[in-house]
Amino acid sequence: SLVYLNGQLTPLSDAKISVLDRGFIFGDGVYEVIPMYHRQLFRADQHFARLFRSMRAISLLNPHAKEEWMELVRNVTGAHASDQQLVYIQVTRGVAKRGHAFPEASYPTVFIMTNPLVTPSEDVRAQGVACVSMEDSRWLHCDIKSISLLGNVLAAQYAAEHDAVETIQFRDGFLTEGASSNVWVVRHGRLMAPPKDKHILEGIRYGLIEELCAACGIMLEVRHIARAEVFHAEEILITSAGKEILPVASIDGHPVGSGKPGPVFQRLYAAYQQAKPRPLT
Ligand code: PMP
């Protein structure tokens, strides 16, 4: 399939960058992942706003206006056969002689690719997923969608090695988030989420779930959540662009609630499906 790299649409195998790219050398860049349903980006405005926030947060000059970004993404998705895609956008500080501080002159490297979006199967949703937990060892700017993902990579690998789908992280005894998802906890019939601060990435689904809770009459409490509250939860949910919303059946081998997807999951899952773009007629 075709990808976009610095002004050109090329086959993936032809897309090459310099070994001096600061993304490669320092992890000096940011990224974004946007789901597309029936050839329509879902919550594109929020995703681009977050991309622009991430760029601003690392003082990376945004090389394109929003309409240009949309056009670049359209060119890549339009060349792809799937109606449901997961679009990946990466911007780095570009190519320069190696030196930690920003180079005087460099032009951002922009890369866009897309892959089929395969949402969790009905079976996975009916069973719920296994999760494990670990101490959050990442840096203190998790609100920036940085391509420096070593902490997230190690957390994801820990899950993989324990036949789990996600690692739920805790910092100093309080819930942060998954390796690549936000985490939600139900206690006393009420949904809880950790505050949107520098300890978590504010998922685009974070805002969506807030809206769906308001629409469905589900009480949402945003506050610090202690480890014991997570382990005594009635339900735990995880959300991300690719996973949508998934129920957690177990954490570190302990069943969550009844061990089956609960009523808050069912309601939010149904509302999520309603919120997605419909087929264009
Ligand atoms: N936290 C982290 C660390 C993530 O990588 C992701 C996935 N991008 C999320 C949360 C969820 O964000 P979103 O809903 O935008 O996919």
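Please read all numbers here as calculations on a predicted model, not as lab measurements. (Residues numbered from 1 in each chain as written. Predicted model: local features only at pLDDT ≥ 70, side-chain atom pairs only at ≥ 80, totals over all residues.)

Our focus in this paragraph is the site of the ligand. The full set close to the ligand counts 13 residues, and Leu201, Gly203, Ile204, Arg205 and Ala241 are the nearest of them. Looking at the shell around the ligand, the elements with two or more residues in it are helix H6 (204-216) and strand E13 (235-240). Broken down by class, the residue content of the shell around the ligand amounts to four nonpolar, seven polar and two charged. (Near = placed C-beta within 6 Å. Helix = DSSP H or I, 4+ residues; strand = E, 2+ residues; numbered from the N terminus. Nonpolar A, V, L, I, M, F, W, Y, C, P; charged D, E, K, R; others polar.)

Let us now look at the nonpolar core. Across soluble globular proteins, nonpolar side chains show a tendency to be buried alongside one another. If you look at the biggest cluster of nonpolar residues, it comprises 56 residues, and the most contacted ones within it are Ile112, Cys131, Trp184, Val185, Ile236, Leu237 and Val248. For this core, the two domains that each supply at least three residues are domain 1 (2-116) and domain 2 (122-275). If sequence neighbours within four positions are ignored, Trp184 has contacts with Leu191, Ala193, Ile209, Ile236, Leu237 and Thr239. (Core = buried A, V, L, I, M, F, W, Y, C linked by C-beta atoms within 7 Å. Buried ≥ 20, exposed ≤ 12 C-beta atoms within 10 Å, placed from the backbone. Domains from an automatic or database assignment. Contact = placed C-beta atoms within 7 Å.)

Time to look at helix H8 (residues 263-275). Taking 1.5 Å as the rise per residue, H8 with 13 residues should run 18 Å; its terminal C-alpha atoms sit 18 Å apart, in good agreement. Taken as a whole, H8 has its buried residues at Val264, Phe265 and Leu268. Along the long axis of H8, the arc covered by the buried residues comes to 95 degrees, so they all point the same way. Opposite its buried face, H8 presents the exposed residues Pro263, Ala270, Gln273 and Gln274, each directed more than 90 degrees away. Residues of H8 that are buried in the fold lie against strand E10 (182-187), strand E11 (190-193), H6, E13 and strand E14 (244-251). (Expected span 1.5 Å × (residues − 1). Arc of directions from axis to C-beta.)

Looking now at the sheet that holds strand E6 (residues 109-116). Across a sheet, paired strands are connected by hydrogen bonds in the backbone, their directions being either parallel or antiparallel. With antiparallel pairing, six strands are arranged side by side in an open sheet as E2-E1-E6-E5-E3-E4. Looking at the sheet topology across the chains shown, the edges are occupied by strand E2 (8-11) and strand E4 (40-41). In terms of strand pairing, strand E3 (residues 29-37) meets E4 through two bridges, oriented antiparallel. Bridge assignment links Tyr37 to a residue of E4, and that residue is Gln40. Along the sheet, helix H2 (residues 44-57) contacts E3, E4 and strand E5 (85-92); its crossing angle with E3, the most-contacted strand, is approximately 175 degrees. The sheet contacts of helix H3 (residues 66-78) involve strand E1 (2-5), E2, E3, E5 and E6, and relative to E6 the element is tilted by about 40 degrees. (Pairing = 2+ DSSP bridges. Axes fitted to C-alpha atoms, helices over the stretch in contact; angles between N-to-C directions.)

Another point: the domain arrangement of the protein. You can read the domains of the protein as domain 1 (2-116) and domain 2 (122-275). A straight line from the C-alpha centre of domain 1 to that of domain 2 covers 26 Å. Those elements that provide at least two residues to the side of domain 1 that touches domain 2 are E3, H2 and E5. At seven residues, the largest contribution of residues to the side of domain 1 that touches domain 2 is made by E3. Its residues assigned to classes, the side of domain 1 that touches domain 2 comprises eight nonpolar, seven polar and three charged.

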